[in-house]
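Descriptive structure summary
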Amino acid sequence: MGEDFVNVGYDYQLTLNHIIEHAAKLHPKGEIVYRDIKRENYKEVYERSKRLSDALEGLGVTQGTRVVQFEWNTHRHLEIYFGVPSMGAIMHFGNPLLTPAQIAYIINHAEDEVLLVNKDFLPLIEGIKDKLKTVKHYVILTDDGMPDTKLEPVFEYEELLRSASSNYKYPELNENTVATLGYTTGTTGDPKGCWFTHRAISVHNMVWGAYCFGHRVIQAPYGALLPIVPMFHIHAWCMPYLATFFGIKLMLGGRPDPNVILEMIKEERKRVPDRH
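The sections below set out a description of the structure shown in this document. (Residues numbered from 1 in each chain as written. Predicted model: local features only at pLDDT ≥ 70, side-chain atom pairs only at ≥ 80, totals over all residues. Heavy atoms only, no water.)

**Quick word on the overall build of the protein**
What the protein contains, in helices and strands, is 10 helices and 11 strands. Taking 276 residues into account, the globule formula puts the C-alpha radius of gyration at 19 Å, and the protein, at 19 Å, falls close to it. With respect to the three principal axes, the spread of C-alpha positions in the protein is 60 × 50 × 45 Å. Looking at the protein as a whole, 49% of its 276 residues qualify as buried. (Helix = DSSP H or I, 4+ residues; strand = E, 2+ residues; numbered from the N terminus. Rg over C-alpha atoms; globule rule 2.2 N^0.38 Å. Buried < 20%, exposed > 50% of the residue type's maximum accessible area, 1.4 Å probe, protein only.)

See below:
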C-alpha cells in the first residue's frame, strides 16, 4: 500500500519549459500586451520561444552556452525568458544601467557567446565591442526595423524567428540545471555573478503565486500584472513567470515612461472583467 502511494501522481522535472507549455495548453488566449505596439497570447509566446530556441541552435548555441540580453520589458523579453533556458542554454539578463566598463566585464566574465540588444542600447554595445572576448553573434531587438550598426555578425530578431521552426522539441533537462545568470551592480568592487536553476525559479514562482492568491493580490485568470521593475533585474521578481503560470494578462511597458504606464492601465482596465 505504501509503495503504491509513493508512485501516485506524475513525476517530472521542474523546468521552465513546463510553465510555458502549461500556459499554451490551458490558457492559450491569455494576453501579453506590449504598450500599444504588440498583442500576443501564450500559445504564440510558446511557438515563438521555440522558434527562438531553434534559431539559437542554428547559431551554435548548445546546453550551457551563455546568452546575454539587454532589453526593456517587452514581449520579446518574455520569449527570451523561456526560449533560452528551456533549450538548456543559460540566460544572462544584462543590466544596461551598469557602466560600459562593468558591462564589458560581466559579458567577458560570463563568457557570453550570443548578445541580444535593444536598439536603444546599440551605442553602448558598439562602444565596447572591441573589448568583448567571447561574443560570436549579435541579435538586434527593435520595434521598427533594422538600424545601421557596426556590430557583426548581426541578425534582426524577427527575421531570425521567421527563418526558424516552431516544431523545436525541448530537451528533458534536470531541474538543477542552471537556467539564468545575473550580476550585482558592483557596489563592492566588480559585479558578482549569481546562478539560478530551473528548480529554484519554479519553486519561487509557486511560493510567490501562493502568497499572491492567498492575500488576494491577484485573481487568475481575471486580473492583470504590470511589472514596473525591469525584467533585467532578478527576473522582475518572477512576475513574468508568475503571470505565465496562471495565464494572467501580462502588461509590459517597454522603456520606463510614467505616461505610457498610466495610459496602459487606463486602456486595459476596460478589458479586464470586474470580478468584485
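**What about the packing of aromatic side chains?**
Considering all chains together, one arrives at 6 aromatic pairs under this definition. Ring centres of Trp72 and Phe121 lie 4.8 Å apart, and the angle between their planes is 45°; this geometry places the pair in the tilted category. Residue Trp72 is located in the loop between strand S3 (66-70) and helix H4 (75-83), and its partner Phe121 is located in the loop between strand S5 (112-118) and helix H6 (122-128); the two are separated by 49 residues in the primary sequence. For Phe121, a relative accessible area of 9% gives the class buried. Between the aromatic rings of Tyr81 and Tyr241, the centroid separation amounts to 5.0 Å while the plane-to-plane angle is 35°, which identifies the pairing as tilted. (Phe/Tyr/Trp six-rings, centres within 6.5 Å; stacked < 30°, edge-to-face > 60°.)

**Remarks on the sheet that holds strand S8 (residues 178-183)**
Strands sit in the order S7-S6-S5-S3-S4-S8-S9 across an open sheet of 7 strands; the sheet is mixed. A strand with exactly one partner marks an edge of an open sheet, and here the two such strands are strand S7 (154-156) and strand S9 (193-197). Between one strand and the next, the sheet's axes are offset by a mean angle of 25°, whatever the strand orientation. (Pairing = 2+ DSSP bridges. Axes fitted to C-alpha atoms, helices over the stretch in contact; angles between N-to-C directions.)

**What to know about the side chain of Thr244**
Locating Thr244 in the fold gives a position in helix H9 (residues 239-246). A relative accessible area of 0% means that Thr244 is categorised as buried. A distance of 2.8 Å separates a polar side-chain atom of Thr244 from the backbone oxygen of Pro240. If we ignore the near neighbours within four places in the chain, the residues touching Thr244 are Ile19, Ile20, Ala23, Tyr42, Leu78 and Phe82. (Polar contact = N/O pair within 3.5 Å; in protein donor to acceptor, adjacent residues only side chain to side chain. Contact = heavy atoms within 4.5 Å.)

That's the geometry; what it means functionally is another story.
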